[in-house]
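Structure at a glance
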Amino acid sequence: MKYVNLGKTGLKVSRLSLGCMSYGSSKWRPWVLDEEAAQPFFRRAVEAGINFFDTADMYSLGVSEEVTGRALRQYAKLDEVVIATKVFNPMSQGPNMGGLSRKHVVQGCEASLKRLGVETIDLYQIHRMDPHTPIEETLEALDLLVRQGKVRYLGASSCEAWKFSKALSLSERNGWARFVSMQNHYNLVYREEEREMLPLCEEEGIGVIPWSPLARGLLAGSRKSLDDKQATTRAGSDAFATTLYDSPHDWDVVEAVKKVAADKGHSAAEVSLAWLLSKPAVVAPIIGATKMDHLEAALRALDVRLTPDEVKALEAPYQPHAVRGF
């Protein structure tokens, strides 16, 4: 396994992060693996050298954190792994059970610590920006968690680049702990982040850890068409995916990936991840795996090298999109 610094911090993370949204309770989403079925994925990830695990409080409404915590205590040395989780989305119908108020950020962190079974969260991320809470309140609350020793590093997820830039500036001016990572929507089918967010992250030394690196499975090559809902359980039940990828040009990208993959003798997933890993700002794509071959393909992608001509062929069919993912 290869390890790199998360942005300009000294924190070493593996070049792949295991996304733990796939593990928790199938009652939350039909494609989610329950705890017993999830165990082999954590074991294999640790064996392969993956030390970076990403979850969120809202995944399976807390069960993902519980499953992740128990699995890592069983298969890994907690001092050696990096556990990331998130706060923002509602955990219940209560008026203070979501968002980024000081109350919810602090209480959300304390609840995540209990579910994970750890004393400190390595990377605590805001899942989205909260338009109803002043960003100063959120940043000060996050800084409090760092000073209390409940959180080591702070990260953000999909948002407008100008809002992220404002947050970085406010933290610097007030002496608060600063965001060190950006978990954004970025893959061969959706590249709008290249306009503003990625240049900002490169300039500011922010580590990029993209979600949906295979476009909710679209770039894995198993579907017969853009609207194929039969290929996998997730393809038939992931309503969010249809809001992200619905342009006919998206399938042109998939076809380009399949051609390059066939010519190289690799899978479409391996080529798609290799492209993402070749981008300077990208530290570790967050991979989802509900079949062991998903994980094995991601591991093989670490050794795939693309030529300039292959990169050009992969990128050529792309057409601009409306902003999606936040």
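Described below are features of the structure shown in this document. (Residues numbered from 1 in each chain as written. Predicted model: local features only at pLDDT ≥ 70, side-chain atom pairs only at ≥ 80, totals over all residues. Heavy atoms only, no water.)

A few words now on the packing of aromatic side chains. If you walk through the whole model with that rule in mind, you get 6 aromatic pairs. Look at Tyr23 and Phe42: their rings are 5.2 Å apart centre to centre, the planes differ by 55°, and that puts the pair in the tilted class. Taken together, the positions of Tyr23 in strand E4 (residues 23-24) and Phe42 in helix H1 (residues 35-48) put the pair 19 residues apart, joining distant regions of the chain. A relative accessible area of 0% means that Tyr23 is categorised as buried. (Phe/Tyr/Trp six-rings, centres within 6.5 Å; stacked < 30°, edge-to-face > 60°. Helix = DSSP H or I, 4+ residues; strand = E, 2+ residues; numbered from the N terminus. Buried < 20%, exposed > 50% of the residue type's maximum accessible area, 1.4 Å probe, protein only.)

One full turn of an α-helix is made of 3.6 residues, so residues set three or four places apart face in the same direction. With 14 residues, H1 extends 20 Å between its outermost C-alpha atoms, agreeing within 8% with the 20 Å of an ideal straight helix rising 1.5 Å per residue. Along H1, the residues classified as buried are Ala38, Gln39, Phe41, Phe42, Ala45 and Ala48. Lining the buried residues of H1 we find strand E3 (17-19), E4, strand E5 (33-34), strand E6 (52-54), helix H2 (63-75) and helix H11 (292-301). Where H1 terminates, the next one or two residues include Gly49, which has phi positive at roughly 100°. (Expected span 1.5 Å × (residues − 1). Contact = heavy atoms within 4.5 Å.)

Attention now moves to the sheet that holds strand E12 (residues 286-287). The parallel open sheet is built from 8 strands, whose spatial order is E11-E10-E9-E8-E7-E6-E3-E12. Edge strands, defined here as strands with exactly one partner in the open sheet, are strand E11 (207-208) and E12. As judged from the 2 bridges shared by strand E10 (residues 179-183) and E11, these two strands associate in the parallel manner. Counted as the bridge partner of Met182 is Val208 from E11. (Pairing = 2+ DSSP bridges.)

Relative to the assigned elements, His321 resides in the segment after helix H12 (308-315). At 3.4 Å, the side chain of His321 and the backbone oxygen of Val189 are in polar contact. For His321, the side chain forms a polar contact with the main-chain oxygen of Gln319, separated by 2.8 Å. Those residues in contact with His321 that sit more than four places away from it in its chain are Val189, Tyr190, Glu192 and Asp250. (Polar contact = N/O pair within 3.5 Å; in protein donor to acceptor, adjacent residues only side chain to side chain.)

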